[in-house]
Amino acid sequence: MKKKILVAALAGVMAFSMTACGSKKAETEAPATEATTAAAEAETEEKATEAESETQAAEAESETSSAAQSETETTTAANGDYKIAMVTDSGDITDQSFNQTTYEACKAFAEANGVDFNYYKPDSDSDEARIAAVDQACAEGYNIIVLPGYLFGATLREESPAYPDVKFIALDMSEADLRGDQADVDLSEVYNTENTYCAIYQEELPGYMAGYAAVKMGYKHLGFLGGMSVPAVIRYGFGFVQGANAAAVELGIEGEVTVEYAYGGQFYGDADITAAMDTWYSTNGVEVVFACGGGIYTSAAEAAAKVGGKVIGVDSDQAPVIDAYGEGMTVTSAMKGLAPTVNTLLSAIVLEDTWADYVGKIDNLGLVSENPEENYVQLPLESTQWSDTFTQDDYKALVASMVAGDVTVDNGIETMPETAITVNDLGNIK
């Protein structure tokens, strides 16, 4: 456009000059023709420039599109290099606990990112069967193996050195679980630290939250039913006792709150444990039991259903399965963030190429944010039975205090915490 204006101005000046000099018509017409030609040439040049710009823009767009396509193809190809397998421990993928939560998280990630996924269920509850399941997964080309639970200690000792090119993600796997009876050996000699990541959870924290919430909601006679007295279960239980005690002290009712405390000696319910729970609920007046250990919740739920009692779930949001015994039976669940852990590690391997930041570690996961849903331990916002005396906002304030360090929870497992409330330590039911 600037060229057109300049040419027009020059043509006007030339015409004015020739009229003033009384030039011949031929002479007058000649410059006019030159000006017109110049204008035409300028316009042609501008159109050519515009066409060239459009061509360059199209080429740039094409290059961008090609780059995006190339990036997509590269990502797809990278994802195609991985195959994710999950192996169940002693349960299955419908246990409403460790296995199901891990399975659903792996499956959702794989579907969202175009990665092949499969799960394997060992044919028995034994180290040999779990090792055989991992062997099968590796033989079928799966190179990311997710193992939920401490029962895979022997499996990792055997399989991580045997398959150095496979990446192992072990959930709830402590150093003690990994070592087995090899206490005096360097850890790198126990299992392959160069292809394995392990996560454990600060169970005392969600245990504390559950005990605190229960007392704040108005329950005064509580029970803790653990599975086996292994470290994770003990931390849950001791945290529960500490939380109940803290809430009672805050309310000034420590003399009115009692906790019955026992282990079932196994991770499943049966007639003997249900009978013990009948005594707790029906005879002793227990209002709510924190059932902590695999399928042992069945005994608590069966007994609670007879008298309208309540249950607290563990590891995952167990409201769907516990409430099947009685509508509204589940007060809350003390949860480990299995799904966030799975997502973080699979993303590091498949999407972000940051596996090196995690491999070889045994991370102790807990609270990382004042936002409860971002933490690796929490209560479920959806299914917890919030009340006027303990609201979601009260829970969020508790989490913020714990993150800030204003509220601390002892993670020791040697002796029962000292409390102002009454705790009846009944040992093992079986």
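Being a predicted model, the structure only gives us computed values, none of them experimental. (Residues numbered from 1 in each chain as written. Predicted model: local features only at pLDDT ≥ 70, side-chain atom pairs only at ≥ 80, totals over all residues. Heavy atoms only, no water.)

K.L.:
I keep staring at the sheet that holds strand 5 (residues 196-201) and nothing clicks. Help me out?
P.N.:
Within a sheet, adjacent strands bond to each other through the backbone by hydrogen bonds, running parallel or antiparallel. Reading across from one edge, 2-1-3-4-5-11 is the order of the 6 strands in this open sheet, with parallel pairing throughout. The sheet is open, and its two borders are formed by strand 2 (116-120) and strand 11 (362-365), each paired with just one other strand. With direction set aside, neighbouring strand axes in the sheet form an average angle of 20°. Where strand 1 (residues 83-87) and strand 3 (residues 144-148) come together, 3 bridges link them in parallel fashion. Of the residues in strand 3, the one forming a bridge with Ile84 is Ile144. Its contacts with the sheet place helix 5 (residues 153-162) against strand 3, strand 4 (167-171) and strand 5, and it is angled at close to 165° to strand 4. (Pairing = 2+ DSSP bridges. Helix = DSSP H or I, 4+ residues; strand = E, 2+ residues; numbered from the N terminus. Axes fitted to C-alpha atoms, helices over the stretch in contact; angles between N-to-C directions. Contact = heavy atoms within 4.5 Å.)

K.L.:
Before we go on, may I ask you to explain the pattern of salt bridges in this structure?
P.N.:
Opposite charge on two side chains permits them to pair, given that their charged atoms come into close proximity. This model, assessed by the stated rule, comprises 14 salt bridges. Linking Lys336 and Asp172 is a salt bridge whose minimum nitrogen-to-oxygen distance equals 2.9 Å. Taken together, the residues span a long stretch of sequence, with Lys336 in strand 10 (residues 330-336) and Asp172 in the loop between strand 4 and helix 6 (175-179) at a distance of 164 residues. Taking the shortest distance from any N to any O, the salt bridge between Lys216 and Glu250 comes out at 3.0 Å. Of the two residues, Lys216 is situated in helix 8 (residues 204-216) and Glu250 in helix 9 (residues 231-251); the sequence distance between them amounts to 34 residues. On the accessibility criterion, Lys216 (16% relative accessible area) is buried. Several salt bridges converge on common partners, so that one network encompasses Asp172, Glu203, Arg235 and Lys336. (Salt bridge = Lys/Arg side-chain N within 4 Å of Asp/Glu carboxyl O. Buried < 20%, exposed > 50% of the residue type's maximum accessible area, 1.4 Å probe, protein only.)

K.L.:
Explain the sheet that holds strand 7 (residues 258-263) here, please?
P.N.:
In space, the 7 strands of this open sheet follow the order 12-10-9-8-6-7-13, with mixed pairing throughout. For this open sheet the edge positions go to strand 12 (377-378) and strand 13 (422-428), each flanked by a neighbour on one side alone. Summarising the sheet, strand 6 (residues 221-226) and strand 7 pair through 6 bridges and their orientation is parallel. In the sheet register, His221 faces strand 7, and the bridge partner there is Thr258. Sitting on the sheet, helix 9 is in contact with strand 6, strand 7, strand 8 (288-292), strand 9 (310-315), strand 10 and strand 13, with an inclination near 175° to strand 7. Against the sheet, helix 10 (residues 271-283) engages strand 6, strand 7, strand 8, strand 9 and strand 13, with an angle of about 170° to strand 6.

K.L.:
Quick question: what am I supposed to make of the environment of Gln378 here?
P.N.:
Following the sequence through the fold, Gln378 ends up in strand 12. When the C-alpha positions of Gln378 and Ala334 are compared, they lie 6.3 Å apart, and in sequence the two are 44 residues distant. Setting aside residues no more than four positions away along its own chain, Gln378 makes contact with Pro206, Met209, Ser333, Ala334, Met335, Pro372, Glu373 and Tyr395. From its side chain, Gln378 meets the backbone oxygen of Pro372 in a polar contact 3.5 Å long. (Polar contact = N/O pair within 3.5 Å; in protein donor to acceptor, adjacent residues only side chain to side chain.)

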